[in-house]
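Structure assessment
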Amino acid sequence: MTQRALDSSGEQTPGPSRPAMIDAGAELDPVHPMEPPPPPHRPDGLSTAEVAERVARGEVNDVPVRSSRSITEIVRANVLTRFNLIIGVLWVIMLFVAPIQDSLFGFVIVANTGIGIIQEWRAKRTLDSLAVIGEAKPTVRRDGVAAEISTSEIVLGDLVELGPGDKVVVDGTVAEADSLEIDESLLTGEADPVLKRAGDPVMSGSFVVAGGGAFTATKVGREAYAAQLAEEASRFTLVHSELRSGISTILKYVTWMMVPTAIGLIISQLVVKDNNFKDSVARTVGGIVPMIPEGLVLLTSVAFAIGVVRLGRKQCLVQELPAIEGLARVDVVCLDKTGTLTEGGMDVTEVRPLNGSDEAYVKEVLRTFGASDPRPNASLQAIIDAYPTGEEDAWTVTDAMPFSSARKYSGAAFTEADGTASAWLLGAPDVLLSEGDATLAEIEQLNEQGLRVLLLARVRGDNLDAPGAAAGAAPTALVVLEQRLRPDASDTLAYFADQNVATKVISGDNAVSVGAVAGKLGLAGAENTLDARRLPTDPDEMATAMEQNAVFGRVTPQQKRDMVAALQSRGHTVAMTGDGVNDVLALKDADIGVSMGSGSEATRAVAQIVLLNNSFATLPSVVAEGRRVIGNITRVATLFLTKTVYSVLLAILVVCTQVEYPFLPRHLTLLATLTIGVPAFFLALAPNKERAQPHFVRRVMRYAIPSGVIAAAATFTTYLVARHHYTGEGALDAETSAATLTLFLVAMWVLAIIARPYTWWRIGLVAAMGLGFLIVLVVPWLQDFFALKLVGTTMPWTAVGIAVAAAALLEFVWRWVGRRFGA
């Protein structure tokens, strides 16, 4: 056994890796707190009896990591809202002072809230089931046997094994270390990985970037440092999106408008006018209720929740709901080649000995090299599949250096059959060879064919850790690998091109080879390749290079992060896909991080979207779902806020002119149901491929305000004309009916504009709403129920004429706004 092997046994190099941080800054540094003496290392782990004892004592990792809100939280969020409280109070009042038909608005709210709860509960079930599929399964050693268990089954003292890409799920102390490098950037912000030795502390939330080992769990459950952070990060959320924040802003303004207007209306109807008290209360409530866009928040939640369910059926786990919206706004997608454009597996197509090396000897080196790493990456796995080890092999591995994306190579030292010691490196030829080496031309030709090439080089001497070992290594053979292209990648790249979303392929492989693969898949600009080692460090120059090129090779993990930041500095909304541990930093910094389900625990932990079926082709579905949600909510928000605007203006006009409020609650319930509620529900869930646009509030209000003003002006004009036309008993009911007809027709025209472009079902939807109102007007018992009866012919046709003029004005204003401010 070598020194590194002795380290892994826990007998050598005890103590923390960064003593200054642990001793001098113990009180200030929560990531590296003062640790008690490390527990004794037990190579076989806990026994079954010891595990049972710890479970009985409650020493288990019982943090309730949820992917969704609880049922109680869902009900509370949908029921206990500011507007539901206002409407609830008004509903109770109406139940006492008016007929049941004036209380219909309360039943509508109950139904809407119930729909919201049911849809979010469906989304919760989908998320929870998907989260179980994508849950990390750490490997724990018990009774000397390693087995994967659920994170929640880890107990205090468990020996947890680690390999590249594994996330540290609880706090602990390193018991075994084999070149173990852990990235703590998610906790400390420090990008450089930390080399861990036996006795060093490890914190939950960090992850392995290279090497392997095991640690003993010293803190589990809520005592673990990152437990609360991890729970919060994985929780179902409906906030932190432009859509949600925009709606919150709108509701804040609506509240400011509603309160003084409602107070003025109450005073006007209850004090100034000497009418029947109950009728005055009913008309006051009728003026207040439509000011509240109560269904807007509900429909947004429902649209998001249904989006989660739809994507869940395609094995896409949305860890944060705004990610659906965010991906729809993306204009640059950065792809990691391996695992995204290509499948995880590769095949060895050829081994080319160099400098007179014996091919049989080279294959024996590769065979033993494959046995040196217990967690091989895709390249090494291809070598293992091509040259499997046998029981008769006389070569033994004495040392190993796991692959690191920063180094671009791995290493192994052997004792050969004749007792000779040798050390070897396997990795990127353009890293291990000098720049002018003649072999690079041969490699370039292979890369241009889309083949991946590794160089096997012999270290001078037998020490992998010798200074300059890589620079002085002697080239021995080229290992040519063929990557398996994903059959669906080409169509997905074409989709993004059609949607004007720029695609950047960012890989640690050779740029020419990556470009050839991208070219085979039809990526536009695949010939524009750039070796990241020649990428400028200045952020502005890097952003220019990123915009001018489509394929980047030999990219380091830190460069991936810098490239994302450079694109963001130019105003781009960036999505980053990846499955390897070297993608974590970039995934974390991108606007949207997308991980493959087969990727490392670390990538799945930081990504907002996890493709559990490992299919890059699912991304267009996520984009389409986001565009559907954003585009449709923008449409229906205009409907809801048009109603708010005309309701506030009608109330103000009533207060200023000191007349009775024209409507009872039943009238506005009928109008809201036919022109907003029912059509908005269908429009919010309809297909919509429009590209997401920014400035949600401005886009909605620039149409809602003029539409509401026109609707209010037309309705109040009809009402005033009717007040002069009708006299005597029942005049107020006739005036209300005429005003209701005008308001319905104008609101229907707003709906007809919003429903464009027309399809058969959109035309049918608008027609059905119009037919519903017509039925109310002609069926006697419905006339009585809704207190709607058109008297004579002069005033009803006048109401229609005013509505037609308002509709013409609406068409002009909408087109002018579209030209003046853009679509």
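Scroll up for the structure.
Summarised in this report is the structure supplied together with it.

This paragraph deals with a nonpolar patch on the surface. Together, Ile-71, Val-75, Val-79, Leu-80, Ile-118 and Trp-121 give the surface a local cluster of nonpolar side chains, amounting to about 530 Å² of exposed area. Elements represented by at least two residues in the nonpolar patch include exactly helix 4 (71-79) and helix 6 (104-133). Considering each element in turn, the nonpolar patch owes the most residues, three residues, to helix 4. Residue position: Val-79 is located in helix 4.

Another aspect to go through is empty space enclosed by the protein. Here the structure, examined in full by the defined rule, presents two cavities of 30 Å³ or more. Here the largest cavity is characterised by a volume of approximately 60 Å³. Together, Leu-639, Thr-642, Lys-643, Tyr-646, Thr-675, Ile-676, Ala-711, Val-746, Ala-747 and Val-750 line the largest cavity. Ranked by the residues each element gives to the lining of the largest cavity, the list is headed by helix 23 (residues 619-657), at four residues. A breakdown of the residues in the lining of the largest cavity according to their chemical character gives seven nonpolar, two polar and one charged. Taken as a whole, the second largest cavity encloses approximately 30 Å³ of empty space. Residue lining of the second largest cavity: ten residues in total, with Pro-138, Val-160, Glu-161, Leu-162 and Lys-167 positioned closest to the centre. For the lining of the second largest cavity, the element with the highest residue contribution is strand 3 (residues 159-162), accounting for three residues. Grouping the constituent residues of the lining of the second largest cavity by class yields six nonpolar, no polar and four charged.

Turning our eyes to something else, we now look at helix 14 (residues 378-386). Within helix 14, burial applies to Ser-379, Leu-380, Ala-382 and Ile-383. Viewed end-on, helix 14 has its buried residues packed into an arc of 155°, placing them on one side of the element.

Moving on, we come to the pattern of salt bridges. Counted by the stated rule, this structure contains 21 salt bridges. Between Lys-363 and Glu-359 there is a salt bridge; the shortest N-O distance is 3.3 Å. Of this pair, Lys-363 and Glu-359 both sit in helix 13 (residues 359-370), four residues apart, which is roughly one turn of the helix. Look at Glu-359 and you get partly exposed, because its relative accessible area is 37%. As a salt-bridge pair, Asp-589 and Arg-561 come within 2.6 Å of each other at their nearest N and O atoms. With Asp-589 in helix 21 (residues 584-589) and Arg-561 in helix 20 (residues 557-569), the pair connects residues that are 28 residues apart, well separated along the chain.

Among the secondary structure elements, Thr-634 is positioned in helix 23. Side-chain polar atoms of Thr-634 contact the backbone oxygen of Ile-630, separated by 2.8 Å. Not counting residues within four places of it along the chain, the set of residues in contact with Thr-634 comprises Phe-696 and Val-700.

This part takes up the sheet that holds strand 17 (residues 529-531). Here eight strands make up an open sheet; going across it, the order is 8-21-20-19-9-16-18-17 and the pairing mixed. What marks the edges here is a single partner per strand, and that holds for strand 8 (316-318) and strand 17. Adjacent strand axes in the sheet meet at a mean angle of 20°, parallel and antiparallel pairs treated alike. Strand direction decides the pairing type here: strand 8 and strand 21 (residues 609-611), joined by three bridges, are antiparallel. Among the inter-strand pairings, Leu-317 is bridged to a residue of strand 21, identified as Val-610. Those strands touched by helix 12 (residues 322-329) are strand 8, strand 19 (574-578), strand 20 (592-596) and strand 21, and its axis lies near 105° from that of strand 20.

What counts as what
- Residues numbered from 1 in each chain as written.
- Predicted model: local features only at pLDDT ≥ 70, side-chain atom pairs only at ≥ 80, totals over all residues.
- Heavy atoms only, no water.
- Patch = residues over 30% accessible without salt bridge, like charges linked within 9 Å, V, L, I, M, F, W, Y side chains within 5 Å.
- Areas by Shrake-Rupley, 256 points an atom, 1.4 Å probe, with all protein chains shown as cover.
- Salt bridge = Lys/Arg side-chain N within 4 Å of Asp/Glu carboxyl O.
- Helix = DSSP H or I, 4+ residues; strand = E, 2+ residues; numbered from the N terminus.
- 1 Å grid on protein atoms, 1.4 Å probe; cavity = no way out; pocket = protein on both sides within 12 Å on 5 of 7 lines; lining within 4 Å.
- Points joined across faces, edges and corners; volume = space filled by probe spheres on them.
- Nonpolar A, V, L, I, M, F, W, Y, C, P; charged D, E, K, R; others polar.
- Buried < 20%, exposed > 50% of the residue type's maximum accessible area, 1.4 Å probe, protein only.
- Arc of directions from axis to C-beta.
- Polar contact = N/O pair within 3.5 Å; in protein donor to acceptor, adjacent residues only side chain to side chain.
- Contact = heavy atoms within 4.5 Å.
- Pairing = 2+ DSSP bridges.
- Axes fitted to C-alpha atoms, helices over the stretch in contact; angles between N-to-C directions.

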